[in-house]
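Single-letter residue listing:
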Amino acid sequence: MSSKHILITGATSGIGQSLVEQYVANGYSVTACGRNKEKLTALNNVHNTCLFDLNNQKEISQSTKHVEEIDVLILNAGDCRYIDNAKQFDGELFEEIISTNLISLGYLLQFLLPKMKQGGQVVFISSSATILPFPRSEAYGASKAGMDYLANSLRLDLLAHNIAVTLVHPGFVKTPLTNRNNFEMPFLITSDDAANRIINGINKRKAYLHFPKRFTFILKVLSFLPSSLWQWLITRKQFA
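These notes cover the structure that comes with them. (Residues numbered from 1 in each chain as written. Predicted model: local features only at pLDDT ≥ 70, side-chain atom pairs only at ≥ 80, totals over all residues. Heavy atoms only, no water.)

This paragraph deals with helix α1 (residues 14-25). Given a rise of 1.5 Å per residue, 12 residues ought to cover 16 Å, and the 17 Å separating the end C-alpha atoms of α1 matches this to within 8%. Taking burial as the measure, the 12 residues of α1 include nine buried ones, the bulk of the element. Where the residues of α1 are buried, they touch β1 (5-8), β2 (29-34), β4 (70-75), β7 (173-174) and α6 (191-203). With its phi angle positive at about 85°, G27 sits one or two positions after the end of α1. (Helix = DSSP H or I, 4+ residues; strand = E, 2+ residues; numbered from the N terminus. Expected span 1.5 Å × (residues − 1). Buried < 20%, exposed > 50% of the residue type's maximum accessible area, 1.4 Å probe, protein only. Contact = heavy atoms within 4.5 Å.)

Take the pairing of strand β5 (residues 116-125) next. Within β5, seven of the 10 residues are buried, which leaves the element mostly enclosed by the surrounding structure. With helix α4 (residues 91-112) bridging β4 and the parallel β5, this β-α-β connection has right-handed handedness. Where β5 lies against strand β6 (residues 164-170), five bridges are found, and the strand directions are parallel. Counterpart to F124 in the pairing with β6 is L167. (Right-handed = clockwise from strand over helix to strand, strands pointing away. Pairing = 2+ DSSP bridges.)

The sheet contact formed by β2 and strand β3 (residues 48-51) spans four bridges and is parallel. The residue of β3 that forms the bridge with A32 is T49. Once the chain exits β2 it traverses helix α2 (residues 37-42) before rejoining the sheet at β3, and the crossover so formed is right-handed.

A few words now on the environment of I199. With respect to the element layout, I199 can be found in helix α6. Distance in space between the C-alpha atoms of I199 and Y23 is 8.4 Å, their sequence separation being 176 residues. Once residues within four sequence positions are removed from consideration, I199 is found in contact with L19, Q22 and Y23.

Right, let's get into the sheet that holds strand β9 (residues 208-211). Strand order in the open sheet formed by seven strands is β3-β2-β1-β4-β5-β6-β9, with parallel pairing between adjacent strands. The strands lining the two open edges of the sheet, one partner per strand, are β3 and β9. Averaged over all pairs of adjacent strands, the angle between their axes in this sheet comes to 15°, without regard to strand direction. Contacts from helix α5 (residues 138-158) reach β5 and β6 within the one sheet, and its direction differs from that of β6 by about 160°. Contacts from helix α7 (residues 213-223) reach β6 and β9 within the one sheet, and its direction differs from that of β9 by about 105°. (Axes fitted to C-alpha atoms, helices over the stretch in contact; angles between N-to-C directions.)

Laid out in structure tokens, this is it:
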């Protein structure tokens, strides 16, 4: 059994649950975090849990008090909802997504970074949506772009503490969140596949991890094209 302690947020579904299952299967000590008590309790062979809502600072503070030294902190929890009518911009939805996906990270880091071991690792599960803008993704994309900057800046400041930072850009992963999408999701992979790739990247202490590469490579190439061309390619189905 590994002596390493892994803490995972958003542990009760999707990528987070797959990460928990794979780490537990490989003998790691896992602390699973989520807001649904029943789902946390149902996780097999997980003895340490933290119950909190990402948007409740007091719950985060109280629930993480018992957490012992962390080797790997995986910030995976988040939400995805879309701005369906840009002209009638939904400011309330925008605030909720920014709060859930970005503001909450500040409090998680406030309460959990002091518990990180020397030689530890902080992992941010962002999105390949930050490589290139997508329609209707103003809220989700902005929150993940903020996460990217946070991760890349924090990496510089944690060097002195020998704590690595890994930024992850997954493509489309089959999860309860993406099950709500009503559009084509090219190169869709399973959450187990995504978790396996993430764990391999963590083990190699990679600074940046993106997958599946056949999808992220296309996005990166498109980002170098004239803006009029990639905008047409991305929006042509939307307005067809």
